[in-house]
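This is what each chain is made of:
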Amino acid sequence: MKISCAFPTTLSSAADIAVAEELGYDRAWLYDTPQNSPDVWMALALAAERTERIGLGPGVLIPTLRHPMVNAAGTATLAALAPGRVAVSFGTGFTGRRAMGYQAIPWSFMEAYVRAFNGLLRGDVVEWEGAKMQMLHPSESAPPRPVVVPVLIGALGPKGRQVAHDLGDGLFVALNVDEAAKEFPWVALLYWGTVLDDGESANSERAKAAVGPGWALAYHSTYELSGREAVREIPGGDEWLAVVDGSPEDERHLAVHVGHCIELSPADHAAWDAGGSALVDQVTITGTAEHVRRRLDALGEQGVTELVYQPAGPDIRSELERLINAAR
């Protein structure tokens, strides 16, 4: 398996990716969450200038955030800056849409969007929103078409898998895979966690900072996908809801997604302190180096070909070192 990393896009992303390259990571993905982050294409361009080998890409692009021509031009620009190193992935939108109060996009829209995006990179004339268009970039503005870049689709359900089969090169998924993953030659799995020191508890302050932002997604995703009553069934769920409910009903999505994958929100802190930390082993890959290595090996047996680790906390280099040393 390839060992890659991912980061919520920040002003330090280029420096973090340079560290990942130094440590031997295969690829770095940056999240496209503009309500929480700087522009993903700017950050990737800076990373391209600061690195030589590591693969680069947005993981994942949300179609409704940009016209397909904008993402095609961004992809072509990055491919010119980092030849042979670029891949892109698309998803229907979790924090990238729900933090702005929207629901996920339908797969029919995703299919049409990726089809147009792929056509633009090939140099085709495509139709979008009732108008015909083509990448007209001269040689000093973009590589000649076709611009060949692998495309992954963030999907596990049957509709998403069909789009991935028809239009993509593989899957980009988070935390879990099912048997269908073995149908694809490229399966990138995003996960969170940390490698504990000998005798260190998952409740230590260092571990909390490292795993907390990923652990908190259990509450965020349950609230968004299954509803508030389902959150009550999770340890610390009542305490988490009590904080979120302090916001006006039409602004609660803001309280849910604040600090996304970087730091714990006030609601997340409340859930952790109320016993939610007991979920760490279930929703992250956390433990001794041997434990983590066994978990990663099991994912490989399930069809994962690229492990994508998102570090968190104040010492990103240390977290990246811990993981890649354990994985090897």
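In case you missed it, the structure is sitting above this.
Now for a description of the structure that goes with this document. Computed from a predicted model, the values in this text were never measured in an experiment.

Looking at the overall build of the protein
Right, so step 1: Helices and strands together make up the secondary structure of the protein, namely 15 helices and 12 strands.
Right, so step 2: In terms of overall dimensions, the protein is globule-like: its C-alpha atoms have a radius of gyration of 20 Å, near the 20 Å expected for 328 residues.
Right, so step 3: Its C-alpha atoms put the protein at 55 × 45 × 40 Å along the principal axes.
Right, so step 4: Residue pairs at least 24 apart in sequence account for 68% of intrachain contacts in the protein once pairs closer than 6 positions are excluded.

A look at the nonpolar core
Right, so step 1: Counting 71 residues, the largest nonpolar core has Tyr-25, Leu-56, Phe-90 and Leu-320 as the members making the most contacts within it.
Right, so step 2: By residue number, the principal contributor to this core is helix α5 (residues 107-122), which donates seven residues.
Right, so step 3: What Leu-56 contacts, discounting residues up to four positions off in sequence, is Ile-17, Arg-27, Ala-28, Leu-44, Ala-47, Ala-48, Thr-51, Leu-78, Ala-82, Arg-85, Val-86 and Ala-87.

As for the pairing of strand β1 (residues 2-7)
Right, so step 1: The element β1 is largely enclosed, with a buried count of five among its six residues.
Right, so step 2: Alignment of β1 against strand β12 (residues 306-309), held across four bridges, turns out to be parallel. Residue pairing across strands places Cys-5 opposite Tyr-309, the latter belonging to β12.
Right, so step 3: Both β1 and strand β2 (residues 27-30) contribute to a ladder of three bridges, which runs parallel. Bridge assignment links Phe-7 to a residue of β2, and that residue is Leu-30.
Right, so step 4: For the segment spanning β1, helix α1 (residues 13-23) and β2, crossover handedness is right-handed.

A word on the pattern of salt bridges
Right, so step 1: Inspection of every chain in the model, using the stated rule, returns 19 salt bridges.
Right, so step 2: A salt bridge links Asp-245 to Arg-252, with the nearest nitrogen and oxygen atoms 3.8 Å apart.
Right, so step 3: Look at Arg-252 and you get buried, because its relative accessible area is 18%.
Right, so step 4: Residue Glu-321 is joined to Arg-317 by a salt bridge in which the shortest nitrogen-to-oxygen separation is 3.8 Å. Taken together, the residues Glu-321 and Arg-317, both in helix α15 (residues 316-327) and four residues apart, mark about one turn of the helix.
Right, so step 5: Within the structure, one salt-bridge network assembled from shared partners comprises Glu-22, Arg-317 and Glu-321.

Observations regarding the sheet that holds strand β8 (residues 170-174)
Right, so step 1: With parallel pairing, eight strands are arranged side by side in an open sheet as β3-β2-β1-β12-β9-β8-β7-β4. Among the strands making up the open sheet, the edge pair consists of β3 (55-58) and β4 (88-90). Each strand axis lies, on average, 25° off the axis of its neighbour in the sheet, ignoring direction.

So, the side chain of Ser-265
Right, so step 1: Counting through the fold element by element, Ser-265 comes out in the loop between α11 (252-257) and α12 (266-273).
Right, so step 2: Of the polar contacts made by the side chain of Ser-265, one reaches the side chain of Asp-268; its length is 3.0 Å.

Quick look at helix α10 (residues 237-244)
Right, so step 1: Along α10, the positions that sit buried rather than exposed are Gly-237, Trp-240, Leu-241 and Val-244. Down the axis of α10, the sector holding all buried residues measures 95°, keeping them to one side.
Right, so step 2: On its buried face, α10 sits against α8 (217-226), α9 (228-231), α11 and α12.

Digging into the pairing of β2
Right, so step 1: Here β2 shows no split at all, with Arg-27 and Trp-29 on one side and Ala-28 and Leu-30 on the other all buried.
Right, so step 2: Direction of pairing for β2 relative to β3: parallel, over a ladder of four bridges. Residue pairing in the sheet places Ala-28 in a bridge with Leu-56 of β3.
Right, so step 3: Tracing the backbone out of β2, into helix α2 (residues 40-50) and back to the parallel element β3 gives a crossover that is right-handed.

Overview of the state of the cysteines
Right, so step 1: Applying the stated criterion across every chain, the model contains zero disulfides.
Right, so step 2: Considering cysteine sulfurs only, Cys-261 is the nearest to Cys-5, which forms no disulfide, with 14 Å between them.
Right, so step 3: With a relative accessible area of 0%, Cys-5 lands in the buried category.
Right, so step 4: Its relative accessible area of 4% is what places Cys-261 among the buried residues.

What counts as what
- Residues numbered from 1 in each chain as written.
- Predicted model: local features only at pLDDT ≥ 70, side-chain atom pairs only at ≥ 80, totals over all residues.
- Heavy atoms only, no water.
- Helix = DSSP H or I, 4+ residues; strand = E, 2+ residues; numbered from the N terminus.
- Rg over C-alpha atoms; globule rule 2.2 N^0.38 Å.
- Contact = heavy atoms within 4.5 Å.
- Core = buried A, V, L, I, M, F, W, Y, C linked by side-chain atoms within 4.5 Å.
- Buried < 20%, exposed > 50% of the residue type's maximum accessible area, 1.4 Å probe, protein only.
- Pairing = 2+ DSSP bridges.
- Right-handed = clockwise from strand over helix to strand, strands pointing away.
- Salt bridge = Lys/Arg side-chain N within 4 Å of Asp/Glu carboxyl O.
- Axes fitted to C-alpha atoms, helices over the stretch in contact; angles between N-to-C directions.
- Polar contact = N/O pair within 3.5 Å; in protein donor to acceptor, adjacent residues only side chain to side chain.
- Arc of directions from axis to C-beta.
- Disulfide = S-S within 2.5 Å.

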